[in-house]
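# Observations on the three-dimensional arrangement
The lines below spell out each chain.
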Amino acid sequence: MRVQTLRQEGGLWRAWGETDVLELSCPAPGVMRLRLAAGARAAHMGFPRLPAKTSPMLAPVQPEPLPLAQVEAGSGEWRLNGGGLSVCIERQTGRVTVQELTLTESGEDVLGRVLAELESWDTSTDPLRRRTARLKAPPHHSYLGFGQKVGPLDKRGMHLTFWNTDCFPHHTDTDPMHLSVPFTTVLTSQGQAHGLFLDETWRTEIDVARRDPQCLELVSAGQELDLYVLNGPTPAAVLRRYADLTGYPPLPPLWALGAGQSRWGYTSAEEIRAVIAGYREHHLPLDSVYLDIDYMDAYRVWTWDKSRYPDPAGLVKEARAAGVRLLPIVDPGVKAEAGYDVYESGVAEGHMVRTARGDVLLGEVWPDPAAFPDFTRREVQTWWADLHKRFTDLGIAGHWNDMNEPASFSLRGPASAPGVTGFAVGAQDTEGKTLPYDARHGDRSHLEMHNVYANGMAEASRAGYAKHAPRLRPFILTRAGAAGIQRSAAVWTGDNASRWSHLQLSLPMLMGLGMSGIPFSAPDVGGFDLDSTGELLARWYQAGLGYAFLRNHASNFTAYQEPWRFGEPYLSVIRGALQMRYRLLPHLYTLAAQACASALPPLRPLALHYPQDPQARAEVSAYLLGEGLLVAPVLHANTSQRPVYLPGQGEGWAELFDLASFGEVYAGGQTVTAMAPLSSLPLYLKRGQAIATTDTAALHTTHARWEQLSWLAHAGPDGVTGGLYEDDGDGHGAHRLTRLRGERDAGRLVLVREEEGELPRVARSEQLHLLGLEDVTEVQGARTWHFDDGLLRVTLPEGWTEIRILSE
């Protein structure tokens, strides 16, 4: 018999047999935790108790588990109910089934749909596959998410490896990549959702019904498999439960949503000034310039090359006067050099990763040799956080963490003199360009802590700004990370290429990250590797309308790809795309605020809101920006039209190309053809939705208190809804949330404006452009109004709270 004894210990239930242990708990409503420890007797001294576990992937504060009650079960089974779920354990086989549990009006618990069927959990002598679990994968289930992965949105039929990897260049079939998030949102054919999250930092593989089309296989190099089953029943509910476990993101500053420019190869302060001047001379919006490794003094992190950047503080101040922030790169590799204070203090205080023999581990990144801070330990994070004062004293308000898988081009042996020099060693115990499996992070191995290395670095970054510039809302970007990275940083998807295929793969990758609890992510616009073209760059800027941030970044081995490098007509098209994004900033910023409260990403796959629609689940060439704005960019060369699938039987979608004017209205549930010459981006506004825009043509952001506001609205049979989040655009001050709600009844539409928050109002000009009414005879409460050809234009009075629109 696999498990023979069941005991309760507080909020925890433990089942065990001769060798194996299964611990069950209910961390929150709709969430069941299964801690599977096959072979626990041989692995743990305290058998049958498992060691206490603190996961770096979970939010730091976790609630006490909800009670589970043992109830009557079938012969040879145990059943526990609690938190709206029921779990059944077969004693003979160890099989586990997790189901919904609903309460009837008479107060009776009724079993509902099956969320997870664990068929087996086993041990192996393979050091990379020590624990394995197999779950049923019903044939019509789709598996969305799993973090940064290539391929379609539904990962069914793929074998995935979770081991953060410096993969330059990556391709359309590369796996693994920079980010490891073993979490998936599972959709049934009826559109019901649940989630599976494997809380394991160890190297992991997940086979999504590839080897066995009826099986989802989880494999870890660790001593157990810690699996969370999350109920929905909607995808949005799954994401919220996941964020409750792993944390919500902080709100980025408004300027981070504006346009950014970067290049590995901006070699001097004068070149940075020239980039900013080029944007301004060509009347292009710009909010940030990213500094790559060229600014450092001989690749010493936290230093500046004074021959090329003689006055960093002056440069930061000068750029800020032009409305531009400078964001330096920060790499974890610390140059191993006598006299370099960061290295010497890190070694003296024991902050560096060690070899299995206890020496400071040395590798090669840009500095050679380099040592690696052990960000998995809190005291090292505190030390690194204090180094951020070197940035904040200059007026820097954010940066990007790179090479933090961690990447190491080669490894060095033990140092022959105070931890500075070393000899090359073999890579037989190393997977990819990183540290060896047996490198030591305190009392843990690199095989265990590799995937969460970047999480600790990002946490140190956020702590550094909180300590040394507490009034700022910093923007921290990371290339690598694991589940929980969203608490500290936004993610860019690494070194892509200037290929149409990479533009195409960016959308399902961002959708997958959004469905993995990481709402703020984006690729390098235009492509990092190879030479871009004017057409590709223009279409990429259009596709990036809804990216969480918008950064043009290229390698020093490629042609310059600032927007003006390609001449006309591309410069004008890119300018139009940037102006469109800046007009949309009220909506984008509102979606960013929603993501911080609800975990819903701004850029969403159609499947998030239409999970029951097979075509929506498969759509990866268009996305929803919020719930109501569908973006359908052109993703192929020499193309002036494209098919667009409009989801939702009974829905209505109005053309709103380039945010310019309303066009045809189409019924949902069909594919239409959008005419999209180079200068055009197909957009569609859903019936019943309103989005906030501004008509102000700005060259950079200032604050998120909009002095000119235009609501673009498409009335439905029940009315219309919209929202607007406002604050100072930075810092931690007051905010205001405005809700636009319109109810339609018997020849009238009543629009009501509701507000909450302490942010003072600003004087503003406010317009309403409303589609979807057949006739209008009067608008009560408007300053002015005009109705023509189905479109109502209203000038709204200052401080309005209600508008009544009447028709015959």
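Computed from a predicted model, the values in this text were never measured in an experiment.

## Description of the overall build of the protein chain
- When you go through the protein chain residue by residue, the secondary structure sums to 15 helices and 52 strands.
- Its C-alpha atoms give the protein chain a radius of gyration of 27 Å, near enough to 28 Å, the size a compact globule of 808 residues would have.
- Its C-alpha atoms give the protein chain principal-axis dimensions of roughly 80 × 80 × 50 Å.
- When the 808 residues of the protein chain are sorted by exposure, 63% land in the buried category.
- A total accessible area of about 28,500 Å² is found for the protein chain, and carbon and sulfur atoms account for 50% of it.

## Focus: the sheet that holds strand β16 (residues 204-208)
- Spatial strand order, β5-β6-β7-β8-β9-β10-β17-β16-β12: 9 strands in an open sheet with antiparallel pairing. Among the strands making up the open sheet, the edge pair consists of β5 (69-71) and β12 (158-162). The average undirected angle you get between the axes of adjacent strands in this sheet is 20°.

## Focus: the nonpolar core
- In this structure, Phe197, Trp384, Tyr547 and Ile805 are the most contacted members of the largest nonpolar core, which totals 190 residues.
- When neighbours within four sequence positions are excluded, Trp384 is seen to be in contact with Val301, Trp302, Val330, Asp331, Pro332, Val334, Pro373, Phe375, Met457 and Ala460.

## Focus on the pairing of strand β21 (residues 325-330)
- Counting buried positions along β21 gives 6 out of 6 residues, so the element sits mostly inside the fold.
- Pairing analysis gives 4 bridges linking strand β20 (residues 288-291) to β21, with the strands arranged parallel. Each residue of the ladder has a partner; that of Tyr290, found in β21, is Leu327.
- In the classification by handedness, the crossover that spans β20, the intervening helix α4 (residues 312-321) and the parallel β21 is right-handed.

## Considerations on the sheet that holds strand β22 (residues 334-335)
- Spatially, 4 strands are ordered β22-β24-β23-β26 in an open sheet, and the strand pairing comes out antiparallel. Lying at the two open borders of the sheet, with one neighbouring strand each, are β22 and β26 (410-412).

## What to know about α4
- Those residues of α4 that sit buried are Pro312, Leu315, Val316 and Ala319. Seen end-on, α4 carries its buried residues on one side only, within an arc spanning 100°. In α4, the exposed positions that point more than 90 degrees away from the buried face belong to Lys317 and Ala321.
- Positive backbone phi, approximately 80°, marks Gly323, located one or two places after α4.

## Quick look at the environment of Gly722
- Mapped onto the elements of the fold, Gly722 is located in strand β45 (residues 719-726).
- Taking the C-alpha atoms as reference points, Gly722 and Arg753, 31 residues apart in sequence, are found 9.7 Å from one another.
- Non-local contacts of Gly722, meaning those with residues more than four positions away in its chain, are made with Ala690, Trp711, Thr738, Arg739 and Leu740.

Criteria and cut-off values
- Residues numbered from 1 in each chain as written.
- Predicted model: local features only at pLDDT ≥ 70, side-chain atom pairs only at ≥ 80, totals over all residues.
- Heavy atoms only, no water.
- Helix = DSSP H or I, 4+ residues; strand = E, 2+ residues; numbered from the N terminus.
- Rg over C-alpha atoms; globule rule 2.2 N^0.38 Å.
- Buried < 20%, exposed > 50% of the residue type's maximum accessible area, 1.4 Å probe, protein only.
- Areas by Shrake-Rupley, 256 points an atom, 1.4 Å probe, with all protein chains shown as cover.
- Pairing = 2+ DSSP bridges.
- Axes fitted to C-alpha atoms, helices over the stretch in contact; angles between N-to-C directions.
- Core = buried A, V, L, I, M, F, W, Y, C linked by side-chain atoms within 4.5 Å.
- Contact = heavy atoms within 4.5 Å.
- Right-handed = clockwise from strand over helix to strand, strands pointing away.
- Arc of directions from axis to C-beta.

Structural measurements only, silent on function.
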